[in-house]
Amino acid sequence: MSRGFVKEDDQEEAPIIPPRAALPNGVTNYVTPNGLQELKTELKQLAEEQSNLGIKDDQERRRAIAVITAKMNQLKERLASARLLDPKDQPKDEVRFGATVKLKNKTSNLVQEFQIVGVDEANIKKQKIAFVAPLVSAIIGAKVNENVSFNLGGEVRELEILSIMY
């Protein structure tokens, strides 16, 4: 159709949907039982939000539905690719997915504690770090009292594993 027959106000700009947390290509989407439940709950909330839209304006309503639908599609892809790893099934004596790890920076004596989780569950405010984070790669497989080196921006940090809990 010729542009001469199209009203300018009819041209809706596609909404920008922020992507979910990055999962590197070819990496399995591991999730904890809690992480899987959070994904399912989020999908349910989006479905409820979509069915309870109180928007009267047709253009705003279409836009809101498009945003919610896109978020639901991204979430469904993550759920379809999710591989549940229960921390209870991990070896208790070494750092693995699902572990809560306490470690000490040998230089600064700073002690940190965090849980290793899936990319969608990661939240630094809740001391949850994604299994794809460089710090996790450095400590995976380590045991209590073991020292590991972690390279951060050209600076090598020596870390001591203080405890591992599942």
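Provided above is the structure to which this section pertains.
Just so you know, the residues in each chain are numbered from 1, in the order the chain's sequence is written. Only residues with pLDDT of at least 70 are given local features in this predicted model, and only at 80 or more are side-chain atom pairs given and counted; all residues enter the totals for whole chains, interfaces and linings. To get the side-chain values, take all heavy atoms of the structure and skip hydrogens and water.

Caption draft 1: Spatial organisation of the overall build of the protein. What the protein contains, in helices and strands, is 3 helices and 7 strands. Listed N to C, the secondary structure of the protein is β-α-α-β-β-β-β-α-β-β in terms of helices and strands. Against the 2.2 N^0.38 benchmark of 15 Å for 166 residues, the protein shows a C-alpha radius of gyration of 22 Å, more extended than a compact globule. With respect to the three principal axes, the spread of C-alpha positions in the protein is 70 × 35 × 30 Å. Each residue is assigned to one of three classes by its accessible area relative to the maximum for its type, calculated with a 1.4 Å probe on protein chains only: buried under 20%, partly exposed between the two thresholds, exposed over 50%. Residue burial in the protein is summarised as follows: out of 166 residues, 29% are buried. What makes two residues a contact is simply this: any of their non-hydrogen atoms within 4.5 Å. Summarising the internal contacts of the protein: among those between residues at least 6 apart in sequence, 57% fall at separations of at least 24. Computed with the Shrake-Rupley method and a 1.4 Å probe, the accessible areas treat only the protein chains shown as cover for residues. When the accessible surface of the protein is split by element, carbon and sulfur atoms take 50% of a total near 10,600 Å². Positive residues here are Lys and Arg, negative ones are Asp and Glu, while His and the chain termini are left out of the count. To locate a charge, the coordinates of NZ of Lys, CZ of Arg, CG of Asp or CD of Glu are taken. On the protein, the mean spot of the 24 positive side-chain charges and the mean spot of the 24 negative ones are 4 Å from each other. Numbering of helices and strands runs from the N terminus; a helix is a DSSP stretch of H or I covering at least four residues, while a strand is a stretch of E covering at least two. For the radius of gyration, the atom set is restricted to C-alpha positions; the globular benchmark scales as 2.2 Å times the number of residues to the power 0.38.

Caption draft 2: Layout of the sheet that holds strand 5 (residues 128-130). Only when DSSP finds a minimum of two bridges between them are two strands counted as paired. Strand order in the open sheet formed by 5 strands is 5-4-3-7-6, and the pairing between neighbours is mixed. Only two strands of the sheet have a single neighbouring strand rather than two, namely strand 5 and strand 6 (147-152). Neighbour-to-neighbour, the strand axes of this sheet turn through a mean angle of 45°, independent of strand direction. Here 5 bridges tie strand 3 (residues 100-105) to strand 4 (residues 111-117), and the two strands are oriented antiparallel to one another. Bridge assignment links L103 to a residue of strand 4, and that residue is Q112. For helices, the fitted line uses only the C-alpha atoms of the stretch in contact; every axis is such a line through C-alpha atoms, and the angle between N-to-C directions lies from 0 to 180 degrees.

Caption draft 3: How the structure looks around the pairing of strand 6. With 6 bridges joining them, strand 6 and strand 7 (residues 155-165) adopt antiparallel strand pairing. Residue pairing for strand 7: N151 is matched across the bridge by V156. Joining the antiparallel neighbours strand 6 and strand 7 is a turn of 2 residues, in which G153 adopts a positive phi near 60°.

Caption draft 4: Fine view of the environment of L39. On the secondary structure map, L39 appears in helix 1 (residues 33-51). L39 sits 104 residues away from K143 along the chain, and the two C-alpha atoms are 31 Å apart. Contacts of L39, omitting those with residues within four sequence positions, involve R20, V31, L75, L79 and D120.

Caption draft 5: How the structure looks around the packing of aromatic side chains. A pair of aromatic rings is counted whenever rings of Phe, Tyr or Trp (Trp by its six-membered ring) have centres within 6.5 Å, and the orientation is called stacked for planes under 30 degrees apart, edge-to-face for over 60 and tilted otherwise. Enumeration over the complete set of coordinates arrives at 3 aromatic pairs. Centre to centre, the rings of Y30 and F97 are 5.9 Å apart; their planes meet at 50°, and the pair counts as tilted. Of the two residues, Y30 is situated in strand 1 (residues 29-31) and F97 in the loop between strand 2 (82-84) and strand 3; the sequence distance between them amounts to 67 residues. When the ring of Y30 is compared with that of F131, the centres are 5.5 Å apart and the planes differ by 70°; the resulting orientation is edge-to-face. Within this pair, whereas Y30 is found in strand 1, its partner F131 is found in the loop between strand 5 and helix 3 (134-139), the two being separated by 101 residues in sequence. Put simply, the rings of Y30, F97 and F131 touch in pairs and so form one group of aromatic residues.

Caption draft 6: Expanded view of unusual backbone geometry. A positive phi angle is found at Q127, which is not glycine, with a value near 55°. Within the secondary structure, Q127 is located in the loop between strand 4 and strand 5. The backbone of N145 sits at a positive phi, close to 75°, despite the residue not being glycine. Note that N145 resides in the loop between helix 3 and strand 6.

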